Structures are given as structure tokens and as C-alpha cells.
Amino acid sequence: MKYRTIGTAPNTRREVSVLALGAMLFGSRTDEETSFAVLDRYVEAGGTFIDTSDNYAFWIDGGQGGQSEELLGRWRRSRGVGDEIVIATKLGARPLAPGTSYVDNAEGLSAKVIRESAERSRDRLGVAKLDLLYAHIEDQKVPLQETVEGFAELVAEGTVGLLGVSNHAMWRVERARALATAAGLPGYEVLQYAHSHLRPRLDVPEGLFPDGSLGHAGPDLLSYLRAEPGLTLVAYSPLLKGAYTHPERLPADFDHPGTEARLTVLREIAQETGATVNQVVLAWQTGAELPIIPLVGASSVAQLEESLAAVDLELTQEQRARLDAAR
């Protein structure tokens, strides 16, 4: 395994593995035995960065989520896991009532919700401190100042370490960080957005994003990373939920000429290296010039093994240039 540092402050920054493990479906679609086996193998391989959310996976049973955090809590206790494993969670997108969703009835990012939801996450995970806490989705009904101060209070109290943000417009991320800096408060340092080698159209409206997707790492986010070296991108859905091996799973917003061009290069380099296309995508991210940590899901140990092997895949500069230049 290889490692990198997230965060900048000496008292909150953490060294984590370059491959993060997503626990979204653990405890719901992925049963406990399988979930524990995947988690055990990940840690055995040197993995130290696990991702969840307080709303995972509400859509499975029409509830409010919490199954993933609860399973991770049981796994931690049964294995005696301590603070050597960094567990990140999110709040803001938990449905307020069963049968609703984050689109129409999200908990939001008020100071009250931040405090209460973080406390529930700590209880479910069985930890005194959340290593990394994300604002999961935008809440335009609450002033950014209140959100910034709400998160900062938990950091000051020692119940939260690093702060992160996901699925926000970059202008709102920058404004929140500027407010934090001006007030001498901790701000977002980890950005979690969808990012893969194939690129979707970003102008396609979605439920939360009437002007086009804010959930993908577009050029504004990548240029922001380049300008702010203290930030890290945690790239979710790097393997597009299996679409590299099952092209029929590709969403409609990937239906454009650039997709085939980039797939062609990926397949060529997979053949040259003897790796799978999935492994080439992950190696392209972990070895990128920008600080990117791919966040992979796994519903079996075999799936995880494929991703773990990508950590040792070294792409040449010429191969990277071809991947970057594909249009």
C-alpha cells in the first residue's frame, strides 16, 4: 500500500492509504459477513481510509439510512479497531422522514443539524471523534456563515478532525473557505466528487442541479485543486459502478464522442500493461499530478483484490500523456 497526507494542520491532518474503501452498501445490500470480509482484507492490505455517510443506504428500504455506519461500528468493536483507521462520514443529505429523499426532504446544514447529526454518527460508529466530516450536499436555505461556524465548533470541541465538502458548486466551496479563513476557523480541506477517466456531459440537469451536475469533478474543481495545494480530491465512482466492464451501465450523460476515444486509449494501455481497464483508471488517479484518492466500492473480496492490485501499477509518463490527451 502507498499513503498520502490529507489536511494541513498538525493536530488534524492524517496519513491515509491512496485507495479509499466505500462502505455505502455495507449492512444493507451487502450482507454483514461479506462486508466484514471486505473490510478485513482491505485493512490486511494496508488500507486505512474508509468512507460512509449518515444516509447510507436509505434508498434500499425507504428508511433514513444509518445501516452503513452501524455496521462499521460493529466491525470496529469486533476487530478492536482504533484510530489507526480513518473513517470519514457525511451529513446534510439524510432524509428527515422515511419514504422521502435528500432531493425533497434533506436534513440540511444548519448548526443544530450539524451538531445533532454528528453526534448520532459518532454513536453509530462507536467513536469519540469523527476523523473527517463532510457537508454532503448544498443547503441554500441556511446561511453559509452558520454552516461554517457549526462545523468549526465541533472541531474546536475535539469531536471532529478534518472537514470536507461534496456535491457543492465550487463558488460556494470557495466562499465557505473564505468565510472560515476570515474568521480564523477551520475550513473544508477534502473535496469528494465523482471523477473517472471517462467524462460526462456536465450540462445535463439532475434532481438537485437544475443547471447541470455539480457532483462531478469538472475543470473548475481541478483547477481549484491545482491552485490550492492543501486540498485533496476523494474521487467517488472512479469505476463508474462497473461500467468499464459492462458498457451498458454507462449513464446517458456519457453518450458523446469523447467516451469512445478515451475508452480506446484505456483498452490499449490495459493491453500494454497486462492490467485490467479498471486498474488503469485507478492507477491513473493515484499517480496523478493532482492529489486524488480514488474511492472504490466492493461487494466481494474478489472485486476489492482487483482494485488493490492497481496500487502497484506504474504507468509511464508516455502512457499518462496519452490518457490525459484522449478526447
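This text follows the structure it describes.
Residues numbered from 1 in each chain as written. Predicted model: local features only at pLDDT ≥ 70, side-chain atom pairs only at ≥ 80, totals over all residues. Heavy atoms only, no water.

> What is the right way to read the packing of helix α1 (residues 32-44) against helix α11 (residues 301-310) from this model?
Packed helices, taken two at a time, are described by the angle their axes make and the gap between the axes. Taken N-terminus to C-terminus, the directions of α1 and α11 make an angle of 25°; their axes are 9 Å apart at the nearest point. Taken together, the axis directions place α1 and α11 in an arrangement best described as roughly parallel. Considering how the two elements wind past one another, α1 and α11 form a crossing that is right-handed. Across from Ala37, Val38, Arg41 and Tyr42 in α1, the residues of α11 making contact are Val301, Leu304, Glu305 and Leu308. The class makeup of the residues in the contact of α1 with α11 is six nonpolar, no polar and two charged. (Axes fitted to C-alpha atoms, helices over the stretch in contact; angles between N-to-C directions. Helix = DSSP H or I, 4+ residues; strand = E, 2+ residues; numbered from the N terminus. Parallel < 35°, antiparallel > 145°, perpendicular 65-115°, else oblique. Left-handed = near helix turned anticlockwise from the far one by under 90°. Contact = heavy atoms within 4.5 Å. Nonpolar A, V, L, I, M, F, W, Y, C, P; charged D, E, K, R; others polar.)

> What is the right way to look at the pairing of strand β7 (residues 160-166) in this model?
Successive residues of a regular strand alternate their side chains across the two faces of the sheet. Most of β7 sits out of view: seven of its seven residues are buried. Bridging between strand β6 (residues 130-135) and β7 involves five bridges; their strand directions are parallel. By the bridge assignment, Tyr134 is partnered in β7 with Gly164. A crossover connection joins β6 to the parallel β7 through helix α6 (residues 144-157); in handedness this β-α-β unit is right-handed. Pairing of β7 with strand β8 (residues 190-194) involves three bridges; the strand directions are parallel. Considered in β8, the bridge of Ser166 is made with Gln192. The β-α-β motif built from β7, the intervening helix α7 (residues 170-183) and the parallel element β8 has right-handed crossover chirality. (Buried < 20%, exposed > 50% of the residue type's maximum accessible area, 1.4 Å probe, protein only. Pairing = 2+ DSSP bridges. Right-handed = clockwise from strand over helix to strand, strands pointing away.)

> What exactly am I supposed to notice about the side chain of Thr89 here?
Structurally, Thr89 is set in strand β5 (residues 86-91). Setting aside its immediate chain neighbours within four residues, Thr89 contacts Thr52, Ser53, Asp54, Glu69, Ser121, Leu130, Leu132, Leu133 and Tyr134.

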